[in-house]
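If you want the building blocks of each chain, they are given just below.
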Amino acid sequence: MTSPDRPQQPDARRTAAEAAAAAAAAAEGGTVEPAPRSSSALQPPTERFATRTAGMTASEIRALFAVASRPEVVSLAGGMPNLAALPLQSLATEVADLVETDGMSALQYGSAQGVPQLREQICEVMREEGIEGDPNDVVVTVGSQMALDLITRIFVDPGDVVLAEGPSYVGALGSFAAYQARVVHVALDEHGLVPELLQEALESLARQGITPKFLYTIPNFHNPAGVTLTHERRPRILDLCRRYGVMVVEDNPYGLLGFTGEHHPALRSYDADVIYLGSFSKTFASGLRVGWALVPPLVRDRLVLAAESATLCPPSFTQMLVSRYLSHHDWRSQVKTFSENYRERRDAMLAALDAYLPEGCSWNSPDGGFFVWVTVPEGIDTKAMLPRAVTARVAYASGTGFYADGFGSRQLRLSFCYPTPERITEGVRRLAAVLEAELDVVRTFGTPTRPELRRGPQSPSPDTN
Ligand code: PMP
């Protein structure tokens, strides 16, 4: 073990140097030989890892990250928000002022539940989607990912069933795996989660005597499927969950990023028992890591205790910065500007898909958010194809990462949030060429019979989130 006040072991130093050399080499597009390891290296024996870590696997694109992040590769894989429109100069002034005038509290520990003023402002943000929340029921977290993790921690015992859309957010699947939940997927269509299929799943589980711990759902501009739950389906989903005694966890980081100007009513606006997760990652800045959960009072105290044990308190500094930003800046028009940028990119992607993708491919047309979900012709395995795509200088996220059970090999997720419209067009053109080559192989050798493999979900990472 190393500690801050003890000198680092030579091997630890070498590892850091190796990492730096590897990063530098990767940035240059080169490779680096690993330094030889000494036999005295303090390697923790892997058999000592807790059983629950067995479900933790790195994302496919992370394995290719060094190559996929080279400038010549167009990455349509990542979910990184496009921050180009942020007013950096006035944020710099805000940061300086925060330190000068409120530094003593901004740089100090704070409340485990989050800064009170920010919790009030969060309620104002949620009002945009019809939610009347009480600031006392808001728990600020380090991104909504932490809220997801904590909610799972306080509700899920190993083997418990969690319902989730199929496909679902890779980071949620990672948390569910970490707490050894059994994920049962319910399919979605172009109108979002299908109530009839949810009912079937609930009935089938009830017959086995199983009540799922919760339904995890992303109603707006779904990650990865890009679809939005229709207003007509929203109360039906809630009715079903109520009838079967299943709690609902609504994850809504993209809700305000619609392209039509319309805001969809949150599930939480229909029912105060819904657990609602929100985030400033997409509406302001993901690097600040400020998200939240709005929970019923009965859940709140347990959640705060769990949050305390994870981080003591969320960072005062970033919370206070978000709070100032919300007070002093026209955040609504900033969100509108973000949405306009994303809509322009979505249009470029849809036009390129229309122009270049081979026959037999299909995709949806999202009304907001970051993602298009593509289905490719039978015989093509998007996971197996990924290294060939990266060699052809385009990256995507293969569908298998978005299922807990290995499905999704005929799907892939394309994100339009980050690259310029020109790069998006070029990326799709390259992807189309790779798909054409795969189709040639399928036509020549036929469709391989390939059983869908069962495999664990991947860990979230900035490159696939
Ligand atoms: N939920 C969904 C559906 C997401 O796509 C993401 C991140 N991409 C998160 C939660 C986590 O976001 P954050 O932790 O940055 O708030």
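Residues numbered from 1 in each chain as written. Predicted model: local features only at pLDDT ≥ 70, side-chain atom pairs only at ≥ 80, totals over all residues. Heavy atoms only, no water.

This next bit is on the sheet that holds strand E9 (residues 291–294). Strand order in the open sheet made by the eight strands is E2-E9-E8-E7-E6-E3-E4-E5, with mixed pairing throughout. Of all the strands in the sheet, the pair left with one neighbour each is strand E2 (138–141) and strand E5 (192–193). Bridge count between strand E4 (residues 182–189) and E5: two bridges; the pairing is antiparallel. By the bridge assignment for E5, Leu188 is matched with Leu193. (Pairing = 2+ DSSP bridges. Helix = DSSP H or I, 4+ residues; strand = E, 2+ residues; numbered from the N terminus.)

So, on to the packing of aromatic side chains. Following the criterion strictly, the structure yields ten aromatic pairs and no others. Aromatic pair Tyr254 and Phe371: ring centres 5.9 Å apart, planes at 80°, arrangement edge-to-face. Residue Tyr254 is found in the loop between strand E7 (247–251) and strand E8 (275–279), and its partner Phe371 is found in strand E11 (residues 371–375); the two are separated by 117 residues along the sequence. With a centroid separation of 4.7 Å and 50° between ring planes, the pair formed by Tyr342 and Phe370 is classed as tilted. With Tyr342 in helix H13 (residues 331–356) and Phe370 in the loop between strand E10 (362–363) and E11, this residue pair connects regions lying 28 residues apart in the sequence. Taken together, Tyr254, Tyr342, Phe370 and Phe371 form an aromatic cluster joined through their ring pairs. (Phe/Tyr/Trp six-rings, centres within 6.5 Å; stacked < 30°, edge-to-face > 60°.)

Within an α-helix, residues lying three or four positions from one another point in the same direction, as the helix has 3.6 residues per turn. The first and last C-alpha atoms of helix H8 (residues 195–207) sit 18 Å apart over 13 residues, in line with the 18 Å expected at 1.5 Å per residue. Among the residues making up H8, those that are buried are Pro195, Leu198, Ala201, Leu202 and Leu205. Here the buried residues of H8 occupy an arc of 120° about the axis, which is enough to place them on one side. More than 90 degrees from the buried face of H8, the exposed residues found are Glu200 and Arg207. Against strand E3 (161–166), E4, E5, strand E6 (214–217) and helix H9 (233–243) lie the buried residues of H8. Downstream of H8 by a residue or two, Gly209 has a phi angle that is positive, lying close to 75°. (Expected span 1.5 Å × (residues − 1). Buried < 20%, exposed > 50% of the residue type's maximum accessible area, 1.4 Å probe, protein only. Arc of directions from axis to C-beta. Contact = heavy atoms within 4.5 Å.)

The next point concerns empty space enclosed by the protein. Counting across every chain of the model gives three cavities of 30 Å³ or more. Considered as a void within the structure, the largest cavity measures approximately 90 Å³ in volume. Taken together, Val125, Met126, Glu129, Asn252, Pro253, Gly255, Leu256, Tyr276, Gly278, Ser279, Thr283 and Trp292 make up the full set of residues lining the largest cavity. For the lining of the largest cavity, the secondary structure elements donating two or more residues are helix H5 (116–127) and E8. In terms of residue count, E8 provides more of the lining of the largest cavity than any other element does, three residues in total. Split by residue class, the lining of the largest cavity holds six nonpolar, five polar and one charged. (1 Å grid on protein atoms, 1.4 Å probe; cavity = no way out; pocket = protein on both sides within 12 Å on 5 of 7 lines; lining within 4 Å. Points joined across faces, edges and corners; volume = space filled by probe spheres on them. Nonpolar A, V, L, I, M, F, W, Y, C, P; charged D, E, K, R; others polar.)

Note that all results are geometric; they support no functional claim without further evidence.
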